[in-house]
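Structural overview
Take a look at the letters that make up each chain.
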Amino acid sequence: MSSSFRTDTPAFTLHRGTRPLLVSMPHVGTHVPAGLAARLTPEARTVPDTDWHMDRLYDFARDLGASILMATHSRYVVDLNRPPDNANLYPGQDTTGLCPVDTFDKTPVYADGAPGPDDAEIALRRDAIWHPYHNALQAELQRLRDAHGTIALWDAHSIRSVLPRFFEGKLTDFNLGTADGKSCDPELAASLFDIASAVPNHTAALNGRFKGGYITRQYGNPAAGVHAIQLEQTQSSYMEEVYPFAYDEARAANIRPAIRQMLETVLAFVEAR
């Protein structure tokens, strides 16, 4: 039965920092439990839609004093940046669901004859991975709020630069999302956009194609002292976009200073409140 899903791997890793910033990486996970992996296509077992190397791209975040929450499981198991009821965050546009059945290229995740998840299995995956991640996220936000008052949540993502399913042409390199201004102070968002826009030979957008997913929209609440920002980074700006998805140190060196400057700007903003 497809509802026999189980995993022995914890849903997340968490580093608790000392300053009022939590960096969330919900799509960095690559683990697929063996029982589920056996049902996937060879392509899907390489988990191509991972937000690759986020931990390496953001390895300075720990030195800045940020808390860092990282997923362990692949988004093919359960997507931590989707609502638990699988509602579409971008009505009218094509998106992948809570437990995807196809890749970003619209190829099947499940091999011929292998069943996708039924409602019971989706509930098991949600209970085993989605809820623990979000419980940890909420608890860490509360800990930081208790310690600092005003805090920030940075949701770190990356995506292939060309994906006709989701957008036309080549994607902007730095895609900042604040739920159309609802999840973060507009002054802070404008400052971040200015930093991203100044990176030579790269492009930037604020609340363009990517406005922030479930995490940004659910937890960003400036009136309550929580400023949430999503950054969707093109993978072409720091890595190879084809298997085996190698990190490119030279390319990454062109964008890492700007990402660090943005996190420093976020910290300066909330620490002044």
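For clarity, every value in this text was computed on a predicted model and none was experimentally measured.

Attention now moves to the packing of aromatic side chains. In total, this model carries 8 aromatic pairs according to the counting rule given. A network of ring pairs unites the aromatic residues W52, Y243 and F245 as a single cluster. Above the face of the F5 ring, R125 is positioned so that its terminal group lies 5.6 Å from the ring centre. Over the ring of F269 we find R273; its NZ or CZ atom is 3.7 Å from the centre of that ring.

Our focus in this paragraph is the pattern of salt bridges. In this structure the tally under the stated criterion is 19 salt bridges. Between E121 and R125 there is a salt bridge, with the nearest N and O atoms lying 2.8 Å from each other. With a gap of 4 residues between them, E121 and R125 both fall in helix 4 (residues 119-148), about one helical turn apart. By relative accessible area, which is 0% here, E121 ends up buried. The shortest N-O distance in the salt bridge between E264 and R260 comes to 3.2 Å. Here R260 and E264 lie together in helix 7 (residues 249-271), a separation of 4 residues that amounts to about one turn. Linked by salt bridges that have partners in common, D51, R75, D79 and R82 make up one network.

Along any regular strand the residues' side chains alternate between the sheet's two faces. Strand 4 (residues 151-159) sits mainly inside the fold: 9 of its 9 residues count as buried. Burial of the side chains of strand 4 extends over both faces: I151, L153, D155, H157 and I159 are buried on one face and A152, W154, A156 and S158 on the other. Here 4 bridges tie strand 2 (residues 21-25) to strand 4, and the two strands are oriented parallel to one another. Directly across from V23, in strand 4, lies its bridge partner W154. Here 9 bridges tie strand 4 to strand 7 (residues 226-234), and the two strands are oriented parallel to one another. When the sheet's bridge partners are listed, A156 is paired in strand 7 with L231.

A word on the packing of helix 5 (residues 186-197) against helix 7. With their axes 9 Å apart at the nearest point, helix 5 and helix 7 run at an angle of 160° to one another. By the criterion of interaxial angle, the relationship of helix 5 to helix 7 is roughly antiparallel. Seen from above, helix 5 lies across helix 7 with right-handed handedness. Of helix 7, the residues touching helix 5 (which contributes L188, S191, L192, I195 and A196) are A258, Q261, M262, T265, V266 and F269. Considering only residue class, the contact of helix 5 with helix 7 consists of 8 nonpolar, 3 polar and no charged.

Okay, the environment of T7 next. For T7, the position within the fold is in the segment before strand 1 (12-15). For the pair formed by T7 and I129, sequence separation is 122 residues and the distance between their alpha carbons is 8.9 Å. If near-sequence neighbours (up to four positions away) are discounted, T7 is found in contact with H31, P33, H73, A128 and I129. Looking at T7, its side chain comes within polar contact range of the main-chain nitrogen of T9, at 3.2 Å. Of the polar contacts made by the side chain of T7, one reaches the side chain of H73; its length is 2.8 Å.

The rules we used
- Residues numbered from 1 in each chain as written.
- Predicted model: local features only at pLDDT ≥ 70, side-chain atom pairs only at ≥ 80, totals over all residues.
- Heavy atoms only, no water.
- Phe/Tyr/Trp six-rings, centres within 6.5 Å; stacked < 30°, edge-to-face > 60°.
- Lys NZ or Arg CZ within 6 Å of the ring centre and 35° of its normal.
- Salt bridge = Lys/Arg side-chain N within 4 Å of Asp/Glu carboxyl O.
- Helix = DSSP H or I, 4+ residues; strand = E, 2+ residues; numbered from the N terminus.
- Buried < 20%, exposed > 50% of the residue type's maximum accessible area, 1.4 Å probe, protein only.
- Pairing = 2+ DSSP bridges.
- Axes fitted to C-alpha atoms, helices over the stretch in contact; angles between N-to-C directions.
- Parallel < 35°, antiparallel > 145°, perpendicular 65-115°, else oblique.
- Left-handed = near helix turned anticlockwise from the far one by under 90°.
- Contact = heavy atoms within 4.5 Å.
- Nonpolar A, V, L, I, M, F, W, Y, C, P; charged D, E, K, R; others polar.
- Polar contact = N/O pair within 3.5 Å; in protein donor to acceptor, adjacent residues only side chain to side chain.

So yeah, pure geometry; function would need other evidence.
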